[in-house]
Amino acid sequence: MKLALIGVGQAGGKVVEALCEYEAKAGVDFVVDAMAVNTARADLAGLDRIPESRRVLIGQARVKGHGVGADNELGAEVAAEDADEVLSVVDQFRTHEVDAFLVVAGLGGGTGSGGAPVLARELRRLYTEPVYGLGILPGQDEGGIYTLNAARSFKTFVDEVDNLLVFDNDAWRQSGESVSGGFDRTNEELARRLGVLFSAGETNARGAVAESVVDASEIINTLAGGGVSTIGFASTAVNRPKRGLLSRLSKTADDETRDDGEAANRVSSLVRRATLGRLTLPCEVAGSERALLVLAGPPAEISRRGMERSRRWLEAETGSMEVRGGDYPMKSGHVAAVVLLAGVTDVPRVKELQRVAIEAQRDMHEKSATSSAKLQELLRSGSAEQDALE
Ligand code: GDP
């Protein structure tokens with residue numbers, strides 16, 4: 001599946017670069033073009049994979065290249081005012097090759113949080129291809145304003161895209177690691193999951209002819225219907241003993257069955273680990289509306305039996321009849337399973353986010369009411385002796 005990537009804000013730009021880096025390192029081809037949008041000149045200058053011609057500084061008239069702080073309302077305003085500048089760069093993409101757009105942003109800040117939903121809406125207005133969002137939730141320790149921004153942006157973003165893929169920074173932080181300290185590592189992890197998912201079905205430089213590839217329409221159908229999605233991933237090394245020609249010729253039917261049995265079991269346990277392990281957005285698997293399973297690795301390891309068994313298991317686990325699956329054959333020392341769960345609804349982190357945001361909003365209203373009362377009181381205390389400057 002071929003994507004046009006639009007990173008909004010600092011996190012958006014960095015994650016888009018991580019995706020481009022995955023593409024280059026893995027020798028795959030799923031990015032038609034990529035761009036970064038920001039209100040902060042310094043953040044754009046910090047990127048190294050996205051060329052100058054694909055970097056757009058918005059809101060110059062308002063914030064002079066200094067960013068919007070964590071003001072996502074201002075982020076949304078400047079994105080709306082300067083949307084044409086962004087769209088004129090998208091216009092230079094080979095859009096006839098694009099299967100979908102992916103708009104990426106951290107939802108806790110200002111530029112991405114406010115700007116990404118605005119730009120997604122504009123893209124949907126102009127293009128017939130689906131527009132997906134990738135929203136990154138802030139860590140719980142980032143503070144009330146980040147939580148409030150994320151809760152508000154999440155609500156808007158999910159309505160403006162054809163599906164919102166979500167990554168929760170909190171779930172990915174290792175103990176003792178600060179949120180920012182782990183970004184490079186988590187961006188790489190995220191890029192690997194998305195990279196395997198979206199490059200499945202595309203011809204790759206590593207040869208291996210696909211038997212049952214996952215084509216773009218399977219991903220599009222899985223994500224159709226909107227809502228929120230999460231991705232699971234697991235991989236394992238396959239160090240099969242190298243067989244000589246003689247032993248291959250002397251391989252019996254029993255050997256073949258045993259090998260396939262082993263591969264089928266490996267696939268089953270990989271799919272369980274991918275689904276029940278750490279998801280990009282932790283949630284209750286039961287109740288997912290649709291799922292897509294991609295198995296990537298050497299063709300001999302992608303057991304048909306294992307795939308079928310895993311699909312049935314996923315149907316039972318999700319309670320969904322819409323579980324799609326496909327192979328992504330590649331020459332590799334690993335076999336990997338990617339599980340895309342679409343239309344998830346039981347997400348504790350999002351409920352928590354909304355609860356904390358409501359509290360933060362109430363606190364802020366109360367504080368601003370009391371502080372304006374206190375200011376009035378302060379000013380009144382000297383008003384008998386002083387005249388205001390007209
Ligand atoms: P913006 O530039 O105003 O859109 O704000 P940022 O993108 O800097 O920050 C918004 C949120 O994204 C914050 O909550 C951060 O936790 C998160 N964030 C910032 N950089 C990264 C990154 O490289 N990776 C990830 N996963 N999250 C990030």
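Before reading further, recall that the structure is shown in the block above.
Residues numbered from 1 in each chain as written. Predicted model: local features only at pLDDT ≥ 70, side-chain atom pairs only at ≥ 80, totals over all residues. Heavy atoms only, no water.

Enquirer: Just to check I follow, could you spell out the overall build of the protein chain for this structure?
Expert: Scanning the protein chain from terminus to terminus reveals 14 helices and 10 strands. Burial status across the protein chain gives 52% buried among its 390 residues. Of all intrachain contacts in the protein chain linking residues separated by at least 6 positions in sequence, the fraction that spans at least 24 positions is 82%. A total accessible area of about 18,100 Å² is found for the protein chain, and carbon and sulfur atoms account for 50% of it. (Helix = DSSP H or I, 4+ residues; strand = E, 2+ residues; numbered from the N terminus. Buried < 20%, exposed > 50% of the residue type's maximum accessible area, 1.4 Å probe, protein only. Contact = heavy atoms within 4.5 Å. Areas by Shrake-Rupley, 256 points an atom, 1.4 Å probe, with all protein chains shown as cover.)

Enquirer: Can you help me understand the pattern of salt bridges in this one?
Expert: Side-chain pairs of opposite charge can arise whenever the charged atoms involved come near each other. For the structure shown, the criterion picks out 24 salt bridges. Close ionic contact of glutamate 73 with arginine 152 constitutes a salt bridge, the shortest N to O distance being 3.0 Å. Here glutamate 73, found in helix H4 (residues 72-81), pairs with arginine 152, found in helix H7 (residues 144-160); they are 79 residues apart in sequence, far enough to count as distant. Accessibility expressed as a relative area gives 44% for glutamate 73, which makes it partly exposed. The exposure class of arginine 152 is partly exposed, given its relative accessible area of 38%. Its salt-bridge partner being aspartate 168, residue arginine 349 comes within 3.2 Å of it at the nearest N-O pair. (Salt bridge = Lys/Arg side-chain N within 4 Å of Asp/Glu carboxyl O.)

Enquirer: I keep staring at the site of the ligand and nothing clicks. Help me out?
Expert: Around the ligand there are 17 residues in total, and Gln10, Ala11, Gly112, Glu142 and Asn187 lie nearest to it. At a separation of 2.8 Å, an oxygen atom of the ligand approaches a polar backbone atom of alanine 11. Put simply, the parts of the chain that give the shell around the ligand at least two residues each are helix H1 (9-26), helix H6 (111-126) and helix H9 (183-199). In terms of residue count, the dominant contributor to the shell around the ligand is H1 (four residues). (Near = heavy atom within 4 Å. Polar contact = N/O pair within 3.5 Å; in protein donor to acceptor, adjacent residues only side chain to side chain.)

Enquirer: I would appreciate a short explanation of the sheet that holds strand S9 (residues 323-329) in the present structure.
Expert: Remark on secondary structure: sheet strands pair via backbone hydrogen bonds, oriented parallel or antiparallel. Taking strand neighbours across the sheet as the criterion, the 10 strands line up as S3-S2-S1-S4-S5-S6-S7-S10-S8-S9 in an open arrangement whose pairing is mixed. Edge positions in the sheet fall to strand S3 (55-57) and S9, since each of these pairs with one other strand and no more. Strand-to-strand twist in this sheet, taken as the mean axis angle between neighbours without regard to direction, amounts to 20°. The sheet contact formed by strand S1 (residues 3-8) and strand S2 (residues 31-38) spans six bridges and is parallel. Bridging across to S2, leucine 3 finds its partner in valine 31. (Pairing = 2+ DSSP bridges. Axes fitted to C-alpha atoms, helices over the stretch in contact; angles between N-to-C directions.)

Enquirer: How do you make sense of the packing of aromatic side chains when you look at a structure like this?
Expert: For any pair of aromatic rings, the description consists of the separation of the ring centres together with the inter-plane angle of the planes. Inspection of every chain in the model, using the stated rule, returns three aromatic pairs. On the numbers, 4.9 Å between centres and 50° between planes, the contact of phenylalanine 101 with tyrosine 127 is tilted. Of the two residues, phenylalanine 101 sits in strand S4 (residues 100-106) while tyrosine 127 sits in the loop between H6 and strand S5 (131-137), which places them 26 residues apart along the sequence. Using a relative accessible area of 0% as the deciding quantity, one classes phenylalanine 101 as buried. It is arginine 278 that lies over the ring of tryptophan 172; its NZ or CZ is 3.9 Å from the centre. (Phe/Tyr/Trp six-rings, centres within 6.5 Å; stacked < 30°, edge-to-face > 60°. Lys NZ or Arg CZ within 6 Å of the ring centre and 35° of its normal.)

Enquirer: Quick question: what am I supposed to make of the nonpolar core here?
Expert: The nonpolar side chains of a soluble globular protein tend to be buried with one another. Judged by nonpolar contacts, the single largest core of 69 residues is most densely connected at Met35, Phe101, Leu123 and Val271. Per-element tally for this core: the top contributor is H7, with six residues. A domain split of this core shows at least three residues from each of domain 1 (3-199) and domain 2 (226-342). Here valine 271 is in contact with Leu293, Leu295, Ser310, Trp313, Leu314, Ala337 and Val339, once residues within four sequence places are set aside. Residues Ile50, Phe198, Phe233 and Leu292 belong to the second largest nonpolar core, which totals 50 residues. (Core = buried A, V, L, I, M, F, W, Y, C linked by side-chain atoms within 4.5 Å. Domains from an automatic or database assignment.)

Enquirer: Explanation requested: a nonpolar patch on the surface in the structure shown.
Expert: Taken together, the side chains of Leu375, Leu378 and Leu379 define a hydrophobic patch exposed on the protein surface, amounting to about 310 Å² of accessible area. Among the secondary structure elements, leucine 378 is positioned in helix H14 (residues 348-381). The class of leucine 378 is exposed, set by a relative accessible area of 57%. (Patch = residues over 30% accessible without salt bridge, like charges linked within 9 Å, V, L, I, M, F, W, Y side chains within 5 Å.)

Enquirer: Could you clarify how one ought to interpret the packing of H1 against H9 in this entry?
Expert: Axes are the key here: two packed helices are described by the angle between their axes and the distance separating the axes. As a packed pair, H1 and H9 sit with axes 8 Å apart at the nearest point and diverge in direction by 55°. On the basis of the axis angle, H1 is oblique to H9. The crossing of H1 and H9 is right-handed. Residues Lys14, Val15, Ala18, Leu19 and Tyr22 of H1 touch H9, and the partners they reach there are Phe183, Asn187, Leu190, Ala191, Arg192, Leu194, Gly195 and Val196. Of the residues contributing to the contact of H1 with H9, the split by class is nine nonpolar, two polar and two charged. (Parallel < 35°, antiparallel > 145°, perpendicular 65-115°, else oblique. Left-handed = near helix turned anticlockwise from the far one by under 90°. Nonpolar A, V, L, I, M, F, W, Y, C, P; charged D, E, K, R; others polar.)

Enquirer: Any chance you could explain unusual backbone geometry here in plain terms?
Expert: Backbone geometry places lysine 64, a non-glycine residue, at a positive phi of 55°. Relative to the elements of secondary structure, lysine 64 occurs in the loop between helix H3 (60-63) and H4.

Enquirer: Please clarify how the environment of glutamine 140 should be interpreted in this entry.
Expert: As for its placement among the helices and strands, glutamine 140 is situated in the loop between S5 and H7. C-alpha of glutamine 140 to C-alpha of glutamate 352: the two residues are 212 residues apart in sequence and 9.8 Å apart in space.

Enquirer: It is not clear to me how H6 should be interpreted in this structure. Could you clarify?
Expert: Note on helix geometry: an α-helix contains 3.6 residues per turn, so any two residues three or four positions apart are oriented the same way. Under the 1.5 Å per step criterion, the end-to-end length of H6 is 22 Å for 16 residues, consistent within 8% with the ideal 22 Å. The buried fraction of H6 amounts to 12 of the 16 residues, a majority that puts the element mostly inside the structure. If you check which residues of H6 are buried, you get Thr111, Gly112, Ser113, Gly114, Gly115, Ala116, Pro117, Val118, Leu119, Ala120, Glu122 and Leu123. (Expected span 1.5 Å × (residues − 1).)

Enquirer: Got a minute to help me understand the pairing of strand S10 (residues 334-342) in this structure?
Expert: Look at any regular strand and the pattern is simple: side chains alternate between the two faces of the sheet. Within S10, eight of the nine residues are buried, which leaves the element mostly enclosed by the surrounding structure. Judged from the nine bridges that link them, strand S7 (residues 228-237) and S10 form a sheet pairing that is antiparallel. The partner of threonine 230 across the bridge, within S10, is leucine 341.

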